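# Tertiary structure, described
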Amino acid sequence: MKNKALLILSILLATCLFSSAAAAQSNGNYTITQSVIAGGGTSSSGNTFSVTGTLGQSAAGTVSSNGNFSLAGGFWTAAPAGTIVISGNVTKNGNALPGVTVNLSGSASGSTTTDGSGYYEFTGLLINGTFTVTPSLANHVFSDTVSNNPSVTFTNVQEDKIADFIATQCSYLRTPDAVNVAAGVATGSFTVTAPTGCAWTAVSNNDSWLSVTSASPGSGNGTVNYSVAANSNAGRVGTITVAGQTFTVTQALGHSISGIVAYGTNLSKFVQGVLLSAIGTTSVFDTTDSMGAYQLDGLTNGGNYPVTPTKSDNINGISPFDATMILRHIAANGQGPNALNANQQIAADTSGDGNITPFDATLILRYLAAGGPNANTGQTGTWKFDPVSNPHPALNSSVSGENYTAFLIGEINGDWTPPSSLGEMEAAERQ
């Protein structure tokens, strides 16, 4: 009897609330404010209203309804007024993807993780806010199902929003996976294929001679460029790692050719800035340093390498006395203290005919009068070398002590001066 009396009382209270709401319906717009009456109350959404039953109501379900009103059993469960929910699903290959971290930023911040159904949810967010949703998972990239963007931003939100994402696992392919190069300096490239947004970095594991020169770090499809230093020793193998994969460079056995260049009419002087060129199986170059030394590295075993020295700058020391020395040599018939030695005779042959004549002295004087070379000065002011070139038709080992003698034609006395500083060298190169 007691329970029955409580049930009757609950129904009467609910009927009174329902009657008041029904009466308000006939008068146009109105608002029902939530209140608690013995465990129950009311809620509203737009023009649709519901009245929940009391704590003593024996069963959930609709007790009565009329128009846009309903009387329902159970407990009050409405969300706080003025808030919205942002939720969604994350899938991969059409299947739910759990364990994805989803970050919320903007007017509110937070983080959650997708459940076993790939579902995530942010609740209690204030209306009128701006919110950005961004999923993340190691070795994966994401795109939303509407705009294919990695994140979704909602602005001035007035209602619940849904942002679904599709995940793609990053995979990487490099082509080719290996290359063989000669002993000399080499450059090359390989391609990386990856889904859009998948980042990668190319790192040389032998950076003393194998260098990554561009396109790292990268994302998605890209090209990695590299350079290989010349090899003058045994063959070697180097690697570049990109996204956990290895690109292998095998460089052939290399040889070197080295020596010095001395100045012909004063062998105690060394000639800086001489270009030594080995153009054959591959092309290798080096320039002599302040001690006249050079070394051509990375020459392929068995390769053909003719080596040739050249120089065109740093012209100095030619004077009228050089012309006088030629005339004295001729007058002495090449005998005695005024005779020119073999190297001096090479420098004195300004006409290039292999003989020492008064005309060679005349060409020097013309050069000095003109302030430099012209059509009437012969070979005065040019460099010559002995030997002119050294052949290496089938190089099978390194060569050292391959020396050259440089002659500045017309400079017989040995007054030529090498540049004493880097600044002087650069000035000489501009001549």
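For the structure itself, look to the data block above.
Described in the following lines is the structure provided in the data block. (Residues numbered from 1 in each chain as written. Predicted model: local features only at pLDDT ≥ 70, side-chain atom pairs only at ≥ 80, totals over all residues. Heavy atoms only, no water.)

### Topic: the overall build of the chain
The number of helices and strands found in the chain is five helices and 31 strands. Considering only contacts within the chain whose residues lie at least 6 apart along the sequence, 60% involve residues at least 24 apart. Of the roughly 22,000 Å² of accessible surface on the chain, 53% is carried by carbon and sulfur atoms. (Helix = DSSP H or I, 4+ residues; strand = E, 2+ residues; numbered from the N terminus. Contact = heavy atoms within 4.5 Å. Areas by Shrake-Rupley, 256 points an atom, 1.4 Å probe, with all protein chains shown as cover.)

### Remarks on the environment of T196
With respect to the helices, strands and loops of the structure, T196 is situated in the loop between β17 (186-193) and β18 (199-200). Counting along the chain gives 28 residues from T196 to T168, while the straight-line C-alpha distance between them is 9.5 Å. With sequence-adjacent residues up to four places away left out, T196 is seen in contact with V141 and G220.

### Quick look at the sheet that holds strand β24 (residues 245-251)
Pairing is mixed in the open sheet, where four strands are placed in the order β16-β24-β23-β19. Whereas interior strands pair on both sides, the edge strands pair on one side only; in this sheet they are β16 (178-181) and β19 (202-204). Going across the sheet, the axis of each strand differs from the next one's by a mean of 20°, ignoring polarity. Here β16 runs beside β24; their pairing, made up of four bridges, is parallel. Across the sheet, the residue bridging to V181 is Q251, located in β24. (Pairing = 2+ DSSP bridges. Axes fitted to C-alpha atoms, helices over the stretch in contact; angles between N-to-C directions.)

### Some remarks on the packing of helix α2 (residues 320-331) against helix α4 (residues 358-370)
Viewed as axis vectors pointing N to C, α2 and α4 meet at an angle of 175°, and their least axial separation amounts to 9 Å. With respect to α4, the element α2 is oriented roughly antiparallel. Listed contacts from α4 to P320, D322, A323, I326, L327 and I330 of α2 are P358, D360, A361, I364, L365 and L368. Counted by class, the contact of α2 with α4 contains ten nonpolar, no polar and two charged residues. (Parallel < 35°, antiparallel > 145°, perpendicular 65-115°, else oblique. Nonpolar A, V, L, I, M, F, W, Y, C, P; charged D, E, K, R; others polar.)

### Quick look at the sheet that holds strand β15 (residues 173-175)
If you trace the four strands from one edge of the open sheet to the other, you get β15-β17-β22-β20, paired in antiparallel fashion. Because the sheet does not close on itself, it has two edges, and the strands there are β15 and β20 (210-214). Taking the axes of each pair of neighbouring strands and ignoring which way they run, one obtains an average angle of 35° across the sheet. Alignment of β15 against β17, held across three bridges, turns out to be antiparallel. Bridging from a neighbouring strand, T175 pairs with T191 of β17.

### Focus: the nonpolar core
With 31 residues, the main nonpolar core has V261, V271, L276, L296, L299, W383 and I412 as its most contacted residues. Secondary structure elements with two or more residues in this core: β25 (254-263), β26 (275-279), β28 (293-300), α2, α3 (342-348), α4, β30 (383-386) and β31 (404-408). If you look at the next biggest cluster of nonpolar residues, it comprises 20 residues, including Y172, W209, V224 and V242. (Core = buried A, V, L, I, M, F, W, Y, C linked by side-chain atoms within 4.5 Å. Buried < 20%, exposed > 50% of the residue type's maximum accessible area, 1.4 Å probe, protein only.)

### Some remarks on unusual backbone geometry
Cis peptide bonds are those with omega within 30 degrees of zero, and the linkage from T175 to P176 qualifies with -10°. The step from D386 to P387 runs through a cis peptide bond, and the omega angle for that step is 0°. Phi angles above zero are rare outside glycine, and N128 is one such case at about 75°. N128 sits in the partly exposed class, given a relative accessible area of 46%. Phi is positive for N148, which is not a glycine, with a value near 60°. Examined against the element boundaries, N148 turns out to sit in the loop between β11 (140-144) and β12 (152-154).

### So, a nonpolar patch on the surface
Residues L275, I279 and F285 make up a contiguous nonpolar surface patch of about 270 Å² in total accessible area. Summarising the element assignment, F285 is placed in strand β27 (residues 283-287). Accessibility expressed as a relative area gives 45% for F285, which makes it partly exposed. (Patch = residues over 30% accessible without salt bridge, like charges linked within 9 Å, V, L, I, M, F, W, Y side chains within 5 Å. Salt bridge = Lys/Arg side-chain N within 4 Å of Asp/Glu carboxyl O.)

### Let's talk about the environment of T250
Turning to its location among the elements, T250 is positioned in strand β24. Given the relative accessible area of 30%, T250 is considered partly exposed. The spacing of T250 and V228 is 22 residues in sequence and 10.0 Å in space, taken between C-alpha atoms. Discounting chain neighbours no more than four positions away, the residues touching T250 are V179, N180, V181, R236 and V237.

Functional significance is not addressed by these values, which are geometric in nature.
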